[in-house]
Structure formats: C-alpha cells, structure tokens
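Remarks on the overall topology
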Amino acid sequence: MTTDRLPAVTLRRAAQADIAGLAAFNAQVHGAGIGVLAERLCAAPHCTPSDFWVACDPRGSIVSSLVLMPGVLEIGTTPVPYAEVGLVGTAERWRGLGVCSALIRKAHADLCARGIPLAMLLGIRDYYARFGYVYTVPAGLYATLALDAAGTASPPYHLRPAGLGDVAQLTAWYRDLAGRRDVRGARRDEAATRYLLAGLGGSATASSFYLLSDAAGPVGYVRVADESEDGGLYINEASDLSPAAAHALLGLLAELARRRGRPHLRFNLAADHPLRTVALELGASPTSTYAWQVALLQPRALLHTLRAEFTRRLDGWPVDLELNLCGEGVCLRGGPTVTIGAAGQTAPTATATAAAGHLAQLCLGSHTFADLAAAGADVDADDKGREALALLFPRLIGWIDPLY
Ligand SMILES: CC(C)(COP(=O)(O)OP(=O)(O)OC[C@H]1O[C@@H](n2cnc3c(N)ncnc32)[C@H](O)[C@@H]1OP(=O)(O)O)[C@@H](O)C(=O)NCCC(=O)NCCS
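Overview of the structure. (Residues numbered from 1 in each chain as written. Predicted model: local features only at pLDDT ≥ 70, side-chain atom pairs only at ≥ 80, totals over all residues. Heavy atoms only, no water.)

Focus on the sheet that holds strand 14 (residues 320-325)
One open sheet accounts for five strands, arranged 16-15-14-17-18; its pairing is mixed. Among the strands making up the open sheet, the edge pair consists of strand 16 (339-342) and strand 18 (380-381). Inspection of the sheet shows strand 14 paired to strand 17 (residues 350-354) by five bridges, in the parallel sense. Of the residues in strand 17, the one forming a bridge with Asn324 is Thr353. (Pairing = 2+ DSSP bridges. Helix = DSSP H or I, 4+ residues; strand = E, 2+ residues; numbered from the N terminus.)

As structure tokens, this is what we get:
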C-alpha cells in the first residue's frame, strides 16, 4: 500500500496566497494551458482557491494538488449535490509515495463533511478504481467528419462570434436542450455562461461560442474548442437545432475549419444531439467513447435524496426491499411515499446486494441491474428484488458537461 511510504507532507486547503503557486505547479505537472486553467478556476463562479487541496513539503512547496468543483446534478427532477474532482497531479519526484492517495482520501472526507454524496471525474484509467470510482454517464462520444463530407455553407445561414450581450440567450438554449435529458449536469446560470465565454482565455479548455442565424435571426449556438489534440476542429457543445439548421451549421463549421487550417471536424456531443445525428448521416465515424468516473461516498444519503423519484417510479407498489450495500443494510419501503431506513426492522419482501459503485451506476441510470448482472458484476437479487430494481433504477439518458 502506498500509504506505508507516505512522506512528511502537510495536507491542507489552498488559500488566496496559493494562486500563483497552484498555477506554477499545474503548469509544471500538466502543461502551460492547465496552469492557466488552475488560475482561472480560482476566480470561477463555482470555485474558490479553498476548493483546491494541496500537499506541501516541509518547506511549504506544493508537491501534489487537486480541485473539488462543487455542482448540482439533476436526476429526474431531483437536485443532487456532487463535486467534480479535477487537475489531479503530483510532482514527478514525489510520485508513487501515496501523496495523491492521501489527498484524495482527504478530499472525500471533506465532501462527506459537506454532505456531498458523489465525487465525479474525467481521468486516467486504472487509477481511481482503488478509491471506489466506476464508469457511469457518458462524457465523450467522439465522432470525426471529413471537411468535404460536411457540405458547404448555405445562405441565409451564417455564424458570428457570440459576445457578452448573448449570455442570457446562450444560457436559455443550453437549459432548453439539457432539460430534456433524465440526468443533467451542473445547472448553468448566466454567471457560468459568462465564465465559459470570457473567463477561460489562454487555458487548455478555452473555447469560442458562435451564434447561428438564419434570415429571421439567431436560431442556436455552437461551442468550438480553441485547442486540439489531433488537429481537428472540436465541437464540444451546441444547442438544439432543426435538421436544416444542423446541415447548414456543418457547412459553416467546415468553412471555419478550413480558415483555421484544421483537417476535419470532431464532435463531442451526446448520443441524442441533432448535430451529431446529422454528422453521422453524412458519414462521420465514431472514434471513441469516454465516461465519467463516479465514487458514491454516501450511499444512504443519495438514496434519501432520491426518495421522491423512487416514489414516482414504484407508483404505490408496497414492496419492502432490503438492499445490502457492502454489508450495510438499507430498507427501501414502497407505498404512497417511499421511506428509507435501517434494514432488519421487518422481514423484507425482496432483497438485493450491490457495492456502492454499482449503486452509483444504477442511480445515474447508466446501467440497469440486468446490465450489471449480465456483465458479471458483484450484484445479486431474488426474483422480487429484480422486479423492484427494474422499476427503481431504469436506464436514464444523461449527459454531464464539465464545469470548465
Ligand atoms: C496519477 C498521479 C496523480 C498519482 O500521484 P501519486 O502521488 O504518485 O499517487 P500515489 O502514490 O497515491 O499512487 C501511486 C499509484 O498510482 C499509479 N499510477 C500512476 N500513474 C498512473 C496512470 N497513468 N494510470 C494508472 N495508475 C497510475 C502508480 O502505478 C501507483 O500504483 P501503486 O500504488 O499500485 O504502486 C501522478 O502519477 C501524476 O501526477 N501523473 C501525471 C498527471 C496525471 O496523469 N494526473 C491524473 C489526471 S486524471
């Protein structure tokens, strides 16, 4: 275990005085653009320097850090607090000593103390499972389209860069599309839109928003990343669009890509996004997928939070489901309103077993119980339990945008 090797480091929250140090540290570990992002996050609407956790050597220099970006997910109509864990890194000569592990445990304890049941991240494979993270909601469904296949710009449609005067409209469009999904990411208010539009310049996640208009005026927007890993023009967000507007937008994006010397378009949009659908019809090839890694830190708290959803889903069925979560028994009792209590009070009419990670997948609707069982996951249920789980945890359509 890496903890046996843990050197003498101080683990603490960062403060205002650490901003320059955080920027320099992140630039050194992750590259210049992430150094700028660390600095920008300190001034973001959803973040402060004290959301960063740092490990410092005896001289006070940062040797490892991460940031907890708090947000609110919506599962159905229920708001669920979560935090995105980001910018995780340790200075090269301090790696392999358990410093990051200690920081992650500290961060999890902090989230539990704040009543935040879910930690989520977009990160490297094979590291975070040890802290209870499992893959859940999709975060990247990449597809690339050759410029020649994208068609040509067709008047009267045209693009113009969005400005601060468009913030209210951009926010409304974003909410309109997100609101149609079962699981949605952080509620985007106008401050968050303003930050994404104007607050990320020079950072690794800087992007440009463009407004798409037809003869009658603006009909939607698209968000294009400034940077690119494979040379393509990355389309990371777009509003809902009619098929005609989506076709026109593809032609305009191809034109933009040519002007920027980018050889192809790359889409990172949800599976149900109309722009992605049209791009696939025109021959875009799906390249890879990626998903959020989620740790369910407080299983009972999440079940409590979701009680109204469960009540709706069970629709009065008076099942007494005893859920064994890693040895901890929870009784979920159906009826006019679902109640959640300790197991062992009455004889249950149904039983099921799942680890916290699998419960996260079930609650976020990325997997059903049947999916998990078929994949050989360590879950179990009797017949009535399976019936209850199928009602309680349907597959949900979700998409969660990062907060930067
Ligand atoms: C990943 C990283 C943060 C771990 O920090 P650390 O302080 O060395 O972490 P710990 O000492 O607690 O844990 C070390 C373990 O991480 C594993 N690890 C390191 N990099 C890994 C990677 N890319 N993929 C999977 N596991 C990795 C090591 O093999 C080691 O495993 P062991 O404990 O079984 O020996 C650090 O290697 C780093 O900064 N890497 C570069 C930046 C990066 O990739 N950050 C993560 C972004 S999501």
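A few points about the pattern of salt bridges
Inspection of the entire model under this criterion finds 19 salt bridges. A salt bridge links Asp18 to Arg12, with the shortest nitrogen-to-oxygen separation between them at 2.8 Å. Of the residues examined, Asp18 reaches a relative accessible area of 13% and is grouped as buried. Note that Arg258 is salt-bridged to Asp148, the shortest N-O span being 3.5 Å. Separated by 110 residues along the polypeptide, Arg258 in helix 6 (residues 243-259) and Asp148 in the loop between strand 6 (134-146) and strand 7 (158-161) bring together distant segments of the chain. Take Asp148: its relative accessible area is 73%, and that puts it in the exposed class. A single network of salt bridges, built from pairs that share partners, joins Arg13, Asp51, Asp110 and Arg114. (Salt bridge = Lys/Arg side-chain N within 4 Å of Asp/Glu carboxyl O. Buried < 20%, exposed > 50% of the residue type's maximum accessible area, 1.4 Å probe, protein only.)

Some words on the pairing of strand 12 (residues 264-268)
Where burial is concerned, most of strand 12 is hidden: five out of the five residues are buried. The pairing of strand 6 with strand 12 spans five bridges and is antiparallel. Residue Ala146 lies in a different strand from strand 12, and its bridge partner there is His264. Two strands pair when backbone bridges link them, and strand 11 (residues 233-238) and strand 12 are joined in this way by three bridges, in the parallel orientation. From the neighbouring strand, Ile235 faces strand 12, where its bridge partner is Phe267. With respect to chirality, the unit in which strand 11 leads through helix 6 into the neighbouring parallel strand 12 is right-handed. (Right-handed = clockwise from strand over helix to strand, strands pointing away.)

A closer look at the side chain of His46
Mapped onto the secondary structure, His46 falls in the loop between helix 2 (32-41) and strand 2 (52-56). Here the side chain of His46 touches Leu403 through a polar contact of 3.1 Å, landing on its backbone oxygen. Once residues within four sequence positions are removed from consideration, His46 is found in contact with Leu41, Asp51, Met69, Pro70, Tyr195 and Leu403. (Polar contact = N/O pair within 3.5 Å; in protein donor to acceptor, adjacent residues only side chain to side chain. Contact = heavy atoms within 4.5 Å.)

Focus on the packing of aromatic side chains
Going through the model one piece at a time under the given rule, you end up with six aromatic pairs. Centre to centre, the rings of Tyr127 and Tyr128 are 5.0 Å apart; their planes meet at 70 degrees, and the pair counts as edge-to-face. By relative accessible area, which is 18% here, Tyr127 ends up buried. Tyr128 sits in the buried class, given a relative accessible area of 5%. Plain terms: the ring middles of Phe209 and Tyr221 are 5.8 Å apart, the flat faces sit at 35 degrees to each other, and that makes the pair tilted. Here Phe209, found in strand 9 (residues 207-214), pairs with Tyr221, found in strand 10 (residues 217-225); they are twelve residues apart in sequence, far enough to count as distant. Residue classification places Phe209 among the buried residues on the basis of a relative accessible area of 3%. Taking the relative accessible area as the measure of exposure, Tyr221 reaches 2% and is therefore buried. Feature note: the residues Tyr127, Tyr128, Phe131 and Tyr133 constitute an aromatic cluster, connected by ring pairs. Directly above the aromatic system of Tyr174 lies the positively charged group of Arg188, at a separation of 3.6 Å from the ring centroid. The ring of Tyr234 has Arg266 sitting right over it, with the charged end atom 3.7 Å from the ring centre. (Phe/Tyr/Trp six-rings, centres within 6.5 Å; stacked < 30°, edge-to-face > 60°. Lys NZ or Arg CZ within 6 Å of the ring centre and 35° of its normal.)

Regarding the packing of helix 1 (residues 19-30) against helix 2
Orientation of helix 1 relative to helix 2, taken along the N-to-C sense of each, is 155 degrees, at an axis distance of 6 Å. Taken as axis vectors, helix 1 and helix 2 run roughly antiparallel relative to one another. Between helix 1 and helix 2 lies a crossing whose hand is right-handed. Taking contact as the criterion, the partners of Ile19, Leu22, Ala23, Asn26, Ala27 and His30 in helix 1 are, on helix 2, Ala32, Ile34, Gly35, Ala38 and Glu39. A class-by-class count of the residues in the contact of helix 1 with helix 2 yields seven nonpolar, three polar and one charged. (Axes fitted to C-alpha atoms, helices over the stretch in contact; angles between N-to-C directions. Parallel < 35°, antiparallel > 145°, perpendicular 65-115°, else oblique. Left-handed = near helix turned anticlockwise from the far one by under 90°. Nonpolar A, V, L, I, M, F, W, Y, C, P; charged D, E, K, R; others polar.)

Points about the nonpolar core
Counting 105 residues, the largest nonpolar core has Leu41, Phe52, Leu66, Leu303, Phe310, Leu321 and Phe393 as its most contacted members. For this core, the element with the most residues is strand 3 (residues 62-75), which contributes eight residues. Apart from residues no more than four positions distant in its own chain, Leu321 is found in contact with Val330, Cys331, Leu332, Ala350, Thr351, Ala352, Gly385, Ala388, Leu389 and Leu392. Formed by 30 residues, the second largest nonpolar core is a distinct cluster that contains Leu233, Leu252, Leu256 and Leu265. (Core = buried A, V, L, I, M, F, W, Y, C linked by side-chain atoms within 4.5 Å.)

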